[in-house]
Amino acid sequence: MTTYREAIRTALRRLLLEDSRVFLMGEDVGRYGGAYAVSKGLLDEFGEDRIRDTPLCESTFVGAGIGAALGGMRPIVEVMTVNFSMLALDQVVNNAAVMRHMSGGQFEVPIAVRMATGAGKQIAAQHSHSLENWYASIPGIKVLAPATVQDAHDMLLAAVEDPDPVFIFEHQMLYGIEGPFDPNATLSSPWKAAVRHPGSDVSLIAYGGSVHKAMTAAEELEKEGISAEVIDLRSLRPLDRPAISASVSRTHRAIVIDEAWKTGSLASEVSATLAEEAFYELDAPIARVCTREVPIPYAKHLEDAALPQVPAIVEAAKRSVGNG
Amino acid sequence: MLRIRRLEEKSAELYAKQKIRGFLHLYIGEEAVGVGAMRALRDDDNVVATYREHGHALVRGIPAGEIMAEMYGKANGCSGGRGGSMHLFSVERRFYGGHAIVGGGLPIAVGLALANKMKGESRVTACFFGDGATDEGEFHESLNLTALWELPVLFICENNRYAMGTAFARHVSDNDIVNNPPAYGVHSETVDGMDVVAVERAVHNAAESVRETGEPRFIELRTYRFRAHSMYDAELYRSKAEVEEWKKLDPIEQLKDRALAATLITGADIETIERDVAREIEEAVQFAEQGEWESIDDLARHTYARDLS
Ligand SMILES: Cc1ncc(C[n+]2csc(CCOP(=O)(O)OP(=O)(O)O)c2C)c(N)n1
Ligand SMILES: [Mg+2]
């Protein structure tokens, strides 16, 4: 068993060892060891040139990562958390995403950007955002959300290898989780959704941190005789629409779980996809279990109440199958 | 300089005829900056420019026809019709674009220089930007980062006294940009941007210093745009008299007068140059006119390396 954090570090080490174009940069990735201790020890092994502590200038160091990628390097940029990535959004939206197209295919930006996302640590409104959906709405970039230890490793390898800009969202509650891990496993395509728990009565569609809540919900539903299938979206852009429709074609019911605010969320996108592509497969209305539309509060009971929780998923599933 | 002037006069004409659409920012009046600077750089240096970049692209070696075709939005344009006037690109000429988010190109230049440094290449990355860009945080962040990491960026500020309609004194606190870079330990100087010879000399020296030391430098080139900010600008913010005053410093006329006085060229030479330039521009327009429109079937091409759908 390995932790999510160690799996990412293993991938980082492998990339740094195998490819001299790869380097890591971001705030406190070196001396400090990374805000979530992901890059701990890498500075000693690889030196300051390849493990770069940046000043506090998200826009410019993300932009510099884009420039370095244009210049032939394979930068991995760590933005401490999605909350601070707002300062670099211009570089993402107006440079990374458009460079290939706007230059008529002449320039590409093979950058990998990692950041922590999500709530659950009582760090209040400015440190608890889930804004993956903003990124996932931008053509020109790709967005991954590893939910498992193996994916945390494999998706980073895939992101660095990819010729396009890839953004990886690591849920902050996952860094410490343990799970099975094989550093030499054959890489599965990161762009496909996965069935994490097979079932026949209802689909629980989730990504990132919410996958674990969906798994717990599926176990509870099982005790009540309801067979739930858990779909881990894995890639948020491109979205594996065929897999979503296929699951609902098996179960005919869908609950979409997303830690973002409901309005304009990925859950909305998944729901619309089902309405467009699997409408006649549905035996019940689609339900979304999302974060309440408030800034994430500090107090534990309020934060818990704001976020999607297992009982809400269970209840939505039961209502969907008609015994809620 | 004459090539830029005539290309842009033609562009304005074609804009009126609606052959060219969207935003069109003319460089007329500022040609000495682009020409002097570009000639001081080497072919294997990197260039990052703004949306006012027709001149830079042309002097850098992108053929006038490909520039014109890009402004038309044709497939034979230098960005395949996807960029337009503000987004000229050329991978062979290491021309990393026309950037239209003010200040947005600066971090890209920082990163290009970082790549070169890490790969042990002795390239200079020349980054052009306006006086308005110095208001942006990215300007200050980029100076700090290049100085801190000793990155070979040559910052070239084209100070044309206005950010759209906001005069320099109304957007820069101490009314002098040249004082900013030294606060970050970056060498800084101001040069007459209407004098192409002075520009070339200064940029050459600065670029060679960046190449030798690997450290950034900043040059402010004082210039003036004779035309409106873009084709939508009614120029309410400045007087005709002010524009006329600056026109007396026209960089092309200045060079012409000096070269004639020094008997480096004759009136006949000038006529020949004018004729050659006129032919080049005419051929460029033909190239654009004859270009094909990209098929709508290829709309999504170049969004990703491989089609995702
Ligand atoms: C971030 C951003 N803010 C505002 C604009 C709108 N805008 C376009 S050009 C311009 C003025 C820029 O002035 P300057 O940097 O001096 O360049 P110049 O146009 O004079 O060459 C503004 C405000 C923009 N393109 N990008
Ligand atoms: Mg200006």
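Residues numbered from 1 in each chain as written. Chains lettered and ligands numbered in written order. Predicted model: local features only at pLDDT ≥ 70, side-chain atom pairs only at ≥ 80, totals over all residues. Heavy atoms only, no water.

**Student:** What is the right way to look at the coordination of the magnesium ion (ligand 2) in this model?
**Tutor:** Residues and elements named next belong to chain B. At this site the magnesium ion (ligand 2) is bound by Asp131 (OD), Asn160 (OD1) and Tyr162 (O), with donor distances of 2.0 to 2.1 Å. We note that the donor set of the magnesium ion (ligand 2) lies within a single chain, spaced as D-x28-N-x1-Y. Residue Asp131 is located in the loop between strand 3 (125-130) and helix 6 (137-149), and its partner Asn160 is located in the loop between strand 4 (153-159) and strand 5 (162-163); the two are separated by 29 residues in the primary sequence. The buried category is assigned to Asp131, whose relative accessible area is 1%. (Donors = N, O, S within 2.8 Å, 3.2 Å for Na, K, Ca; no water. Helix = DSSP H or I, 4+ residues; strand = E, 2+ residues; numbered from the N terminus. Buried < 20%, exposed > 50% of the residue type's maximum accessible area, 1.4 Å probe, protein only.)

**Student:** Where do I start with the packing of helix 1 (residues 2-16) of chain B against helix 10 (residues 267-290) of chain B in this structure?
**Tutor:** A pair of packed helices can be characterised by two numbers: the angle between their axes and the separation between those axes. All names here are of chain B. Their axes nearest at 10 Å, the elements helix 1 and helix 10 cross at an angle of 40°. Taken together, the axes of helix 1 and helix 10 are oblique relative to one another. By crossing handedness, the relation of helix 1 to helix 10 is classed as right-handed. In contact with Leu2, Arg3, Arg6, Leu7, Lys10 and Leu14 of helix 1, helix 10 contributes Ile273, Glu274, Val277, Glu280, Ile281 and Val285. Along the lines of polarity and charge, the residues of the contact of helix 1 with helix 10 split into seven nonpolar, no polar and five charged. (Axes fitted to C-alpha atoms, helices over the stretch in contact; angles between N-to-C directions. Parallel < 35°, antiparallel > 145°, perpendicular 65-115°, else oblique. Left-handed = near helix turned anticlockwise from the far one by under 90°. Contact = heavy atoms within 4.5 Å. Nonpolar A, V, L, I, M, F, W, Y, C, P; charged D, E, K, R; others polar.)

**Student:** Teacher, can you tell me more about the side chain of A:Ser39 here?
**Tutor:** All names here are of chain A. Within the secondary structure, Ser39 sits in the loop between strand 2 (22-26) and helix 2 (42-46). A polar contact of 2.7 Å, which involves the side chain of Ser39, links it to the backbone oxygen of Val29. Every residue in contact with Ser39, bar those within four places of it in the chain, is listed here: Leu24, Val29, Gly33 and Gly34. (Polar contact = N/O pair within 3.5 Å; in protein donor to acceptor, adjacent residues only side chain to side chain.)

**Student:** Explanation requested: the environment of A:His101 in the structure shown.
**Tutor:** The topology assignment puts A:His101 in helix 6 (residues 99-102). The spacing of A:His101 and A:Gly140 is 39 residues in sequence and 8.0 Å in space, taken between C-alpha atoms. In contact with A:His101, not counting residues within four places along its chain, are B:Arg82, B:Leu299, B:Arg301, B:His302 and B:Thr303. Within the structure, the side chain of A:His101 is placed 3.0 Å from the side chain of B:Arg82, a separation counted as a polar contact.

**Student:** Is there a simple way to think about the interface of chain B and chain A in this case?
**Tutor:** It is common to give the size of an interface as the accessible area lost on bringing the parts into contact. Chain B puts 39 residues into the contact, and the matching count from chain A is 42 residues. At the boundary of chain B with chain A, total buried surface from both sides reaches about 3400 Å², with 67% on carbon and sulfur atoms. Counting across the chain B and chain A interface gives zero salt bridges. Our count for the chain B to chain A interface comes out at 20 residue pairs in polar contact (both at pLDDT 80 or more). If you tally residues by element for the side of chain B that touches chain A, the top one is helix 5 (residues 105-119) of chain B, at nine residues. Tallied by class, residues from the side of chain B that touches chain A come to 20 nonpolar, twelve polar and seven charged. (Buried area = accessible area lost by both parts, 1.4 Å probe. Salt bridge = Lys/Arg side-chain N within 4 Å of Asp/Glu carboxyl O.)

**Student:** I tried to follow the site of ligand 1 on my own but got confused; where do I start?
**Tutor:** Residue and element names in this part refer to chain B. Taken together, 15 residues form the shell around ligand 1, and within it Tyr51, Arg52, Asp131, Gly132 and Asn160 come nearest. Side-chain polar atom of Arg52 to an oxygen atom of ligand 1: 2.8 Å apart, as the coordinates give it. When its residues are assigned to classes, the shell around ligand 1 shows eight nonpolar, four polar and three charged. (Near = heavy atom within 4 Å.)

**Student:** Would you mind going over a nonpolar patch on the surface with me for this structure?
**Tutor:** A cluster of nonpolar residues, B:Phe23, B:Met231 and B:Tyr232, forms a patch on the protein surface that exposes about 340 Å² of accessible area. The class for B:Met231 is partly exposed, based on a relative accessible area of 32%. (Patch = residues over 30% accessible without salt bridge, like charges linked within 9 Å, V, L, I, M, F, W, Y side chains within 5 Å. Areas by Shrake-Rupley, 256 points an atom, 1.4 Å probe, with all protein chains shown as cover.)

**Student:** Please clarify how the domain arrangement of chain A should be interpreted in this entry.
**Tutor:** All names here are of chain A. Partitioning chain A into domains gives domain 1 (2-179) and domain 2 (194-321). Placing a centre on the C-alpha atoms of domain 1 and another on those of domain 2 gives a separation of 26 Å. With 30 residues of domain 1 at the contact, the number on the domain 2 side is 26 residues. Our enumeration of links across domain 1 and domain 2 arrives at two salt bridges. In this structure, the connection of domain 1 to domain 2 is made through 16 residue pairs in polar contact (both at pLDDT 80 or more). Looking at the side of domain 1 that touches domain 2, the elements with two or more residues in it are helix 7 (132-136), strand 6 (142-144) and helix 8 (149-161). Of the residues that constitute the side of domain 1 that touches domain 2, the class distribution is 16 nonpolar, ten polar and four charged. (Domains from an automatic or database assignment.)

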